[in-house]
Every structure is written in C-alpha cells, then in structure tokens.
Amino acid sequence: MLGRWVSDLEVGDILPVVDYEVTPFLGRDYAHAVESVWERFHSAVGGDPQLAPPTLAHVDKLRVLAAACPEGAGPVARMQLEYDAAHHGPIPVGSRMSVTGRVESRQARAGRERLVVVFEVRDTATGSLRTRYRDTSLLNFIPEETR
Amino acid sequence: MSELWLPGQELPRVRRTMTAERMRWYADALDTSLAGRTVQAAPNIHTDDDVARANGLPGRVADGMITTNWLSNMLVDTFGDAYVHTGSLRTRYRRPIVEDMAVEAVVLVRDVEESRGGRTLVADVWCETEDGERCTVGQATVRL
C-alpha cells in the first residue's frame, strides 16, 4: 500500500506489482461489455488462441491502484481525462500478467489536479512487455475554488 | 494486410446511443474483472445520478472508456491481429457524455508512413454528438 487514496500519490511513486491470470472469462466478459464482436476475444478460433482486448489494460490500472490505494479515489470522484496505450504484443488468455505503475506527474490546472500514471503490463513468465498505458486523470472534476 | 490505405479514407462509422444500460454494462464489467466473477458495481458517477450530481456533474455520465472501446473495436474489426499486437490508441475526453446522447464513432486515415520497419497507418479518431461536437478525440496507429 502506498497511500490511503489515489489522491495521496506523489510524483515518482512506484506502484506495487500486481500479478494475475487472464482467464477466458475476464476477456469474454469485458468484450461483451464493450460490445466487441471480434470472435478472438470470445474464444479460440482454429489454431489461434483467445486473446484479451487490449483495452483491458484499463482494468489492469484499476487492479494496481486498488492494491496501492485501498480506499479508492479520494474525497471526491476521480475522472479519467486521457487513455494512451501502446500494444507491444498479444495477451492470450491463460497467461499471467504482472502490472505495475509509476506516477509521472501531478499538476494543478484551472483548479483541477491532473495525475499521470504510466502502467506496464508484462508477461509474468517471460517479462516481455505487452502493453504500456499512460493514464491521465482528474483528481477533482469541480475546481477547488468553487467547492 | 494487403489492402491499400490512403489518407482521407474512413472506416465504416458506428452510431450508438449512450444508454444507461451501456453505462451499467461497463461499470459492472470493471468490478467483475477485478472480482473475477460476475458482480454489480456500487453506485458511482457512471451509474447513479445522485452520486454524479454530488461531484458537480449534470447526472450520470458515461465512462470515457466506453467510447474508447467503440473506437478500438472498429480498429480490431478492420485490422485484427495487426492492431491488437502492435497498434496504439490515444483518446482524450473533452466533454461528458450523458444518458441517451447519440454518439458517432469515426476513424479517419490521416497518413500511411513508410519506414525501413514497414508501413504504419496513422488515423485520427473521434466520437461526436449529433450536433457535431467532438466529445472524445485522439489518434491511433496500426503497423500494416
């Protein structure tokens, strides 16, 4: 645990590694929720394995934040401002992934605080990078001076 | 991917209405993914008007990742493994999307860059409301 809330995080904080198995259910359920009809997210096709949607990195972010800051966003709701993910390789279901994050910046702009955290999703067995995800969130939607 | 892509080409647009059910599906999926079993999300700004208003919003708003996923799906459907394995997607949320707002997702090829490593398609991506306001904007790349 790094902080009580995500809003406690500071620049340079390294978020603890979270290791988990990407089960077929995880990939399928997420694909259903976002209305993806690409069959490879739902099952193996021919000799090709079922894959996790690359945007599942957003859940990986939440896994790491939940471990680092178990009481959640903070006094007010956190709101995502930007998703920025680069795919470095597929994530087959049944594999284990290790996810960590590093707080890159925290800045106030127009009364709102922006937190940028870079997450890396790596194959636990090989260490190979699968996704790098740079997340920008607002720690408060309402500007501080108007609350 | 043998198809020739040129600047100005668009993938088939996807038009959807941001229903409360779509917001709920995504909120539940996040908590389900974290729990590893089917669960319902606790009330939050994406599922509960009162919680949203308490945080300065007009009512429940869609999680930005819903429109990001609609754009990502268009790239997956068109480019398949090429996008899933080595693509990228960046989206920024410029304004909240509220319940029953109609949204159109657009992927427009901006360029195809040639390099020694091969060709990379660069696309502008966005989601716009019926009045043409872009609520989600960004860029995607796919190595062809």
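This text goes with the structure placed above it.
Heads up: these notes are all about the structure in this document. (Residues numbered from 1 in each chain as written. Chains lettered and ligands numbered in written order. Predicted model: local features only at pLDDT ≥ 70, side-chain atom pairs only at ≥ 80, totals over all residues.)

Things to note about the overall build of chain A
Within chain A one finds two helices and five strands. Shown N-terminal to C-terminal, the secondary structure of chain A runs as helices and strands in the order β-α-α-β-β-β-β. Seen along its three principal axes, the alpha-carbon backbone of chain A occupies a region of about 60 × 30 × 25 Å. Counting over 147 residues, chain A shows a buried share of 38%. (Helix = DSSP H or I, 4+ residues; strand = E, 2+ residues; numbered from the N terminus. Buried ≥ 20, exposed ≤ 12 C-beta atoms within 10 Å, placed from the backbone.)

Topic: the interface of chain A and chain B
Contacts between the two partners involve 30 residues from chain A and, on the opposite side, 30 residues from chain B. Elements represented by at least two residues in the side of chain A that touches chain B include exactly α1 (24–33), α2 (57–68) and β2 (79–87) of chain A. A per-element tally of the side of chain A that touches chain B places β2 of chain A first, with eight residues. Partitioning the side of chain A that touches chain B into residue classes produces 19 nonpolar, six polar and five charged. Pairing analysis gives five bridges linking β2 of chain A to strand β2 (residues 88–93) of chain B, with the strands arranged antiparallel. Across the sheet, Glu-82 of chain A pairs through a bridge with Arg-92 of chain B, a residue of β2 of chain B. (Contact = placed C-beta atoms within 7 Å. Nonpolar A, V, L, I, M, F, W, Y, C, P; charged D, E, K, R; others polar. Pairing = 2+ DSSP bridges.)

Comments concerning helix α3 (residues 64–79) of chain B
All names here are of chain B. With 16 residues, α3 extends 23 Å between its outermost C-alpha atoms, agreeing within 8% with the 22 Å of an ideal straight helix rising 1.5 Å per residue. Along α3, 14 of the 16 residues are buried, which leaves the element largely enclosed by surrounding structure. At the exit of α3 stands Gly-80, carrying a positive phi of roughly 55 degrees. (Expected span 1.5 Å × (residues − 1).)

Thoughts on the sheet that holds β2 of chain A
In space, the 10 strands of this open sheet follow the order β1(A)-β3(A)-β4(A)-β5(A)-β2(A)-β2(B)-β5(B)-β4(B)-β3(B)-β1(B), with antiparallel pairing throughout. The strands lining the two open edges of the sheet, one partner per strand, are β1 (14–21) of chain A together with β1 (14–18) of chain B. Here the average twist between neighbouring strands, direction ignored, is 20 degrees. Judged from the five bridges that link them, β1 of chain B and strand β3 (residues 101–115) of chain B form a sheet pairing that is antiparallel. (Axes fitted to C-alpha atoms, helices over the stretch in contact; angles between N-to-C directions.)

Observations regarding the environment of His-85 of chain B
With respect to the secondary-structure elements, His-85 of chain B resides in helix α4 (residues 81–86). Residue classification places His-85 of chain B among the partly exposed residues on the basis of 18 C-beta atoms within 10 Å.

So, to be careful, I would describe these as geometric facts and stop short of saying anything about function.
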